[in-house]
Amino acid sequence: MRYLDLKRKIQEIRINAIEGIAEAGSGHPGASFSAAEIMGVLYFRRLRHNPANPIWTERDYFINSKGHSAPGYYATLAVAGYFPTHEMKSLRKFGSRLQGHPVRYSKLLEHHSVPGVEYSAGSEGIGLSVSIGIALANVIDNKKNNVYVLLGDGETNEGQVWEAAMTAPKYKLDNLVAVLDRNKIQQDGFTEDVMPLDPVRDKWIAFNWNVIEINGHKVEQIMDALSKASEIKDKPTIIIANTIKGQGIKHMANNPQWHGKAPQNKQIPLLIEELKGEYMIAPSIIAGEKENYEDKIKRVERGGGGDIIHLDVMDGKFVPNTTFLADTIKKLRPITNIPFDAHLMIEKPYDHIEEYINAGCDIITIHVETCDNDKFRYIRDKVMSAGISLGIAINPETELPKWTFSYLDDIDVIIVMSVNPGFSGQKFIPEITSKISNLNTILKLKGYKGYIEADGGIDASTVQRVYDAGARIIVAGSAVFSNSDINAAIIQLKHKTNVILERNLLKKADENGIRKDWIIARKHILIPLAIELGIEDEINQL
């Protein structure tokens, strides 16, 4: 699964889940959203499974012990192809198979159970025990099927969880991986107020589990943790995934009241707009001295604000500058698991594409100026067969060639250059915003589901323009690395972008006649932005 396609599918999971919850008038958005990346990575990158044959004997097992995340689980199965996504609108309705807690799939009850569901979740604290039973049975039967179980941190109040935690190491179940969705909120409030769980890492270590702790919203960290877990012998692994309950919708995030509360149907267009407004900041390490590439990557990783590392590859032929080639990227790859976005500004990319695939790039983008339909098809086949996201780039004066339209299902990102490539220190070309906006309109009409990326001259004074025009991946070089505190620079870019997002949401709330209700629901998010949004009086009158 290509990195950017995976990100898009996770976005679809959240959209389908929230639509189902709103339609039902009940459900659990918080628990569904905190686990979206975990479920997305499992179903689209790790699990052996077959939607066409849910009881395939070679499948891996997924046990969703935290049953309250059923809407997110159903949405994951729907996006994965187990049933049509439009069925999510039947969530919790009479006669629907998508009830408040999943029912284990059975051919005898195929009209009342959900394909892909291995465990009838309901009572909390039982899923780990069930997972151990399956894992132990697989060992006894000499089967290679792995078992993955998703635990809620609230359910670990249950004593049965800790009895199970003692059992798995006893039987050396290295075919079992638990993932703890550590969002720190349960039904009645914050976990540390209800029943303190920390030091949770030390507890699982004391129970003789292999413990890996990660950011549960960084898909690259989830994938890396699952890979490491597969190498462990003679003991089970638990991945403590630190997450945010309600992640993806700002006023739901880290808010206990959204544990089991449904939004109003009239708010759904705004919530979808926010989910589709998700963006990524991609620091470009080309800015500055060449010998500092490794240091720049480490600074981005330490700061934690960068989503992607942008790598401008220049050969001195397509552009009048030379940077680095595939061998340098290969040397940099072991430094971090942050995705590498390789922007190939080289004359003949089709002659070198395998070098960049082998270098460990997660996204490879080539310029349309360097290839035609046949050459691009060759590149497409190579990149996609390697499971890498494919991108195309256009220079400021270039229009997107018509031959690219037949590849839109395969293209994950389109870079629109906002400076002339190959020259440093250029200013942003203002006309590019209308180009991005027009391109975004055309691509939507053609069903394009990928990303538009803006690259060149972007800083705090221009980031709002490209985001408002439709760019959702934003490359920033000097704007980040000229600052001694790169995390502060990224926070500034994100703040500016968030202001435009909130302005657009207020506009949509106006159009839908729910402006006052929206401001009330989102008051704690809007207050810090009130001056920039010009809504101080509205907030003061509430």
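Relevant structure appears above.
Predicted, not measured: the structure shown is a model, and the values here were computed from it.

Rules behind the numbers
- Residues numbered from 1 in each chain as written.
- Predicted model: local features only at pLDDT ≥ 70, side-chain atom pairs only at ≥ 80, totals over all residues.
- Heavy atoms only, no water.
- Helix = DSSP H or I, 4+ residues; strand = E, 2+ residues; numbered from the N terminus.
- Rg over C-alpha atoms; globule rule 2.2 N^0.38 Å.
- Buried < 20%, exposed > 50% of the residue type's maximum accessible area, 1.4 Å probe, protein only.
- Contact = heavy atoms within 4.5 Å.
- Areas by Shrake-Rupley, 256 points an atom, 1.4 Å probe, with all protein chains shown as cover.
- Lys, Arg positive; Asp, Glu negative; His and termini not counted.
- Charge placed at Lys NZ, Arg CZ, Asp CG, Glu CD.
- Axes fitted to C-alpha atoms, helices over the stretch in contact; angles between N-to-C directions.
- Parallel < 35°, antiparallel > 145°, perpendicular 65-115°, else oblique.
- Left-handed = near helix turned anticlockwise from the far one by under 90°.
- Nonpolar A, V, L, I, M, F, W, Y, C, P; charged D, E, K, R; others polar.
- Salt bridge = Lys/Arg side-chain N within 4 Å of Asp/Glu carboxyl O.
- Pairing = 2+ DSSP bridges.
- Right-handed = clockwise from strand over helix to strand, strands pointing away.

Chemist: What exactly am I supposed to notice about the overall build of the protein here?
Modeler: When its secondary structure is counted, the protein shows 22 helices and 15 strands. Relative to its length of 542 residues, the protein is compact, with a C-alpha radius of gyration of 24 Å against a globular reference of 24 Å. Here the C-alpha coordinates of the protein stretch approximately 65 × 60 × 45 Å along the principal axes. Among the 542 residues that make up the protein, the fraction classed as buried is 56%. Excluding contacts between residues fewer than 6 apart, the proportion of contacts in the protein whose partners are at least 24 apart in sequence is 71%. Only carbon and sulfur atoms are counted for the fraction: they give 48% of the accessible area of the protein, which is about 22,200 Å². Here the protein carries 64 positive and 69 negative side-chain charges, and the mean point of each set is 2 Å from the other.

Chemist: Just checking my understanding: could you explain the packing of helix H10 (residues 268-276) against helix H18 (residues 486-511) for this structure?
Modeler: Axes are the key here: two packed helices are described by the angle between their axes and the distance separating the axes. Relative orientation of the contacting elements H10 and H18 amounts to 160°, with a least axis distance of 10 Å. As far as their axial angle goes, H18 and H10 are roughly antiparallel. In this structure, the crossing between H10 and H18 has a hand that is right-handed. Residues Pro269, Leu270, Glu273 and Glu274 of H10 form the contact with H18, whose participating residues are Leu501, Asn504, Leu505, Lys508 and Ala509. In terms of residue class, the contact of H10 with H18 is made up of five nonpolar, one polar and three charged.

Chemist: Please explain the pattern of salt bridges as it appears in this structure.
Modeler: Here the idea is simple: oppositely charged side chains can pair when their charged atoms come close. Within this structure, the stated rule accounts for 30 salt bridges. Notably, a salt bridge pairs Arg8 with Asp5, separated by 2.5 Å at the nearest N-O pair. Of this pair, Arg8 and Asp5 both sit in helix H1 (residues 3-24), separated by three residues, roughly a single helical turn. Of the two residues, Arg8 and Asp5, both sit in the buried class. The salt bridge involving Glu274 is made with Lys250; its shortest N-O contact spans 3.8 Å. Highlighted residues: Glu274 in helix H10 and Lys250 in the loop between strand S7 (237-242) and H10, separated in sequence by 24 residues. With relative accessibility at 27%, the residue Lys250 sits in the partly exposed group. In the salt-bridge network here, residues are joined through shared partners; they are Asp5, Arg8, Lys9 and Glu12.

Chemist: Sorry, what's going on with the packing of H1 against helix H3 (residues 36-46) here?
Modeler: Contact pair H1 / H3: the axes reach a minimum separation of 9 Å and the direction vectors enclose 125°. As judged from the angle between their axes, H1 and H3 are oblique. The chirality of how H1 crosses H3 is right-handed. Residues Tyr3, Leu6, Lys9, Ile10, Ile13 and Arg14 of H1 lie in contact with H3, whose contacting residues are Ala36, Glu37, Gly40, Val41, Phe44 and Arg45. Broken down by class, the residue content of the contact of H1 with H3 amounts to seven nonpolar, one polar and four charged.

Chemist: What is the right way to look at the sheet that holds strand S10 (residues 340-345) in this model?
Modeler: Strand pairing in a sheet relies on backbone hydrogen bonds, with the paired strands running either antiparallel or parallel. An order of S8-S15-S14-S13-S12-S11-S10-S9 is seen for the eight strands of this open sheet, with the pairing classed as parallel. Each having just a single partner strand, strand S8 (280-283) and strand S9 (309-314) make up the two edges of the open sheet. On average, each strand axis in the sheet is inclined to that of its neighbour by 25°, with strand direction left out of account. Across five bridges, the pairing between strand S11 (residues 363-367) and strand S12 (residues 389-394) is parallel.

Chemist: Mind showing me how you'd approach the pairing of strand S3 (residues 176-182) here?
Modeler: The buried fraction of S3 amounts to seven of the seven residues, a majority that puts the element mostly inside the structure. Of the two faces of S3, the one holding Leu176, Ala178, Leu180 and Arg182 and the one holding Val177, Val179 and Asp181 are both buried throughout. Remark: the strand S2 (residues 147-152)/helix H6 (residues 159-170)/S3 crossover connection has right-handed handedness. In the sheet, S3 pairs with S7 via six bridges, with the strands oriented parallel. Paired with Asp181 across the two strands is Ala241, which belongs to S7.

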